[in-house]
Amino acid sequence: MDISIRQQDILRIIVEEYAYTTLPISSKEIISKYMPDLSSATIRNEMAYLEKIGLLEKTHTSSGRIPSIDGYKYYESNILKPKLSANIKHKLEKIFAQRDVSIDGVIDQSVSIINESLKLPSVVTTEQNNELLKRFDLIQIDSHTALILLVTSSGAVNKTTIHLNDNKQLDDISICIRIFNDRLVDTAIKDVSQKIGSIKEIIRSAVHEYEFCIRQIIEKIFDFNKMPPETKVHGMKWLTTQPEFQNIQQLNKALAMLEDTNVWKHIAYVQQKTGKTLITFGGEFGANELAIASTTISANGSERQLSVVGPTRMDYSQIKGLLDFIKTEVEKLSAKK
């Protein structure tokens with residue numbers, strides 16, 4: 001879409017002013033704060049044109065304009081410039097300078113800075129298919145029940161309950177766990193299926209009840225489709241402070257969308273293709289007032305998706321500056337460690 005430099009400036013002003021005021025922006029405000037050399041008629045004409053081509057919207061309660069979803073998308077693609085205040089940068093640098101803190105600890109502390117500075121919630125999602133299998137443990141609950149724990153490189157624990165008929169089956173489980181620890185530790189989850197064939201043959205010659213081991217152990221433990229991305233939500237209380245989500249129906253829509261693992265999988269898929277910090281507007285998922293800004297951090301052999309969640313009128317330049325800086329510094333830190 002081809003618009004003039006002045007029209008881009010007006011769109012930028014309206015997007016960024018609306019993020020802070022939550023009120024429609026009038027031509028009088030633009031002149032008094034940003035463009036004193038232009039007439040009110042000129043600004044109104046430019047705003048009318050931007051409305052005509054779908055980048056602005058006029059509300060019923062004011063003569064001012066607000067950005068449309070297409071306006072936000074144009075702003076993101078053509079105008080947005082990431083920014084990061086010196087104060088926030090200094091706080092983050094102190095976190096990255098710590099020597100004895102894990103990557104997950106660094107990310108959690110960085111997320112706290114995001115919540116405090118933006119007054120918005122954030123979400124950290126770890127895709128477990130990129131992780132390594134680190135340990136298998138067996139816990140006998142009682143004479144008829146055992147619990148198998150699968151621990152991954154991020155510390156995530158997948159639990160599988162096995163029901164037993166006799167002690168021979170418990171012996172078989174113990175044999176399987178020993179074989180898994182011998183053969184599968186440090187294997188990426190996404191590569192396990194390539195090794196399962198040879199594992200089955202080893203188990204066949206070592207256990208009493210081969211079919212029991214296949215059906216009750218291997219098929220249950222290694223059904224990774226049942227392992228959704230590990231998702232941590234930080235500062236969700238901030239969402240309720242935003243005017244857009246004072247309406248309980250809008251808030252419930254937003255919360256339902258955030259709990260939908262398909263949303264995060266879709267965002268992760270698009271990010272893998274672009275490699276960029278991504279802005280996703282909630283209208284794609286049925287939550288029109290919501291937007292998600294996210295980036296993917298590759299560290300310690302796994303990928304974490306770091307997202308900021310808020311209304312569509314978020315301060316995207318500050319959010320993108322924060323996410324880009326955290327991504328770069330965490331990946332540097334991971335490479336050093």
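The following paragraphs examine the structure supplied in this document. (Residues numbered from 1 in each chain as written. Predicted model: local features only at pLDDT ≥ 70, side-chain atom pairs only at ≥ 80, totals over all residues. Heavy atoms only, no water.)

Below, the discussion takes up the overall build of the protein chain. Counting secondary structure elements, the protein chain contains 12 helices and 10 strands. Here the C-alpha radius of gyration of the protein chain, 26 Å, is well above what a compact globule of 337 residues would show, namely 20 Å. Seen along its three principal axes, the alpha-carbon backbone of the protein chain occupies a region of about 90 × 40 × 35 Å. Relative to its 337 residues, the protein chain shows a buried fraction of 48%. When the accessible surface of the protein chain is summed, it comes to about 17100 Å², and 48% of that surface belongs to carbon and sulfur atoms. Of note, the protein chain has its 42 positive side-chain charges centred 4 Å away from the centre of its 42 negative side-chain charges. (Helix = DSSP H or I, 4+ residues; strand = E, 2+ residues; numbered from the N terminus. Rg over C-alpha atoms; globule rule 2.2 N^0.38 Å. Buried < 20%, exposed > 50% of the residue type's maximum accessible area, 1.4 Å probe, protein only. Areas by Shrake-Rupley, 256 points an atom, 1.4 Å probe, with all protein chains shown as cover. Lys, Arg positive; Asp, Glu negative; His and termini not counted. Charge placed at Lys NZ, Arg CZ, Asp CG, Glu CD.)

Applying the stated criterion across every chain, the model contains 13 salt bridges. Here Glu 51 makes a salt bridge to Arg 65, at a shortest N to O gap of 2.9 Å. Here the residue Glu 51 occupies a position in helix 3 (residues 40-52), and Arg 65 occupies one in strand 2 (residues 65-67), the gap between them amounting to 14 residues. Residue Glu 51 is classed as partly exposed on the basis of its relative accessible area, which comes to 29%. The class of Arg 65 is buried, set by a relative accessible area of 10%. A salt bridge links Lys 320 to Asp 324; its shortest N-O distance comes to 3.0 Å. A residue pair is termed a helical-turn pair when its members lie 3 or 4 positions apart in one helix, as Lys 320 and Asp 324 do in helix 12 (residues 316-336) at four residues. (Salt bridge = Lys/Arg side-chain N within 4 Å of Asp/Glu carboxyl O.)

So, about the sheet that holds strand 4 (residues 133-142). Reading across the sheet, the three strands line up as 4-5-6 and stay open at both edges, with antiparallel pairing between neighbours. Each edge of the open sheet is held by one strand with a lone partner, namely strand 4 and strand 6 (157-163). Each strand of the sheet is rotated relative to its neighbour by a mean of 20°, with strand direction disregarded. When strand 4 meets strand 5 (residues 145-152), the two strands line up antiparallel, connected through eight bridges. (Pairing = 2+ DSSP bridges. Axes fitted to C-alpha atoms, helices over the stretch in contact; angles between N-to-C directions.)

Moving on, we get to the nonpolar core. Counting residues in hydrophobic clusters, the biggest one holds 53 residues, and the most contacted among them are Ile 30, Leu 92, Tyr 316 and Val 330. Per element, the largest residue contribution to this core is eight residues, and it comes from helix 12. Of all hydrophobic cores here, the second largest spans 29 residues; its members include Phe 136, Ile 179, Ile 189 and Phe 212. (Core = buried A, V, L, I, M, F, W, Y, C linked by side-chain atoms within 4.5 Å.)

Now for the side chain of Ser 27. Within the secondary structure layout, Ser 27 lies in helix 2 (residues 27-33). What Ser 27 contacts, discounting residues up to four positions off in sequence, is Ser 40, Ile 43, Arg 44 and Met 47. (Contact = heavy atoms within 4.5 Å.)

On to the packing of aromatic side chains, then. Here the structure, examined in full by the defined rule, presents seven aromatic pairs. When the ring of Phe 96 is compared with that of Phe 325, the centres are 6.1 Å apart and the planes differ by 55°; the resulting orientation is tilted. You can see Phe 96 sitting in helix 5 (residues 86-96) and its partner Phe 325 sitting in helix 12, a full 229 residues away along the chain. Neither Phe 96 nor Phe 325 differs from the other in exposure class; each is buried. Each ring, one from Phe 136 and one from Phe 180, has its centre 5.2 Å from the other, and the planes form 50°; the classification is tilted. Linking Phe 136 in strand 4 with Phe 180 in helix 7 (residues 167-183), this pair joins segments that are 44 residues apart in sequence. Of the two residues examined, Phe 136 and Phe 180, each falls in the buried class. Cluster of aromatic residues (ring-pair linked, three or more members): Tyr 72, Phe 281 and Tyr 316. (Phe/Tyr/Trp six-rings, centres within 6.5 Å; stacked < 30°, edge-to-face > 60°.)

Once that is clear, we can look at helix 3. Along its 13 residues, helix 3 runs 18 Å from first to last C-alpha, staying within 8% of the 18 Å computed at 1.5 Å per residue. Buried residues in helix 3 make contact with helix 1 (5-21), helix 2, strand 1 (56-58) and strand 2. At the exit of helix 3 stands Gly 54, carrying a positive phi of roughly 90°. (Expected span 1.5 Å × (residues − 1).)

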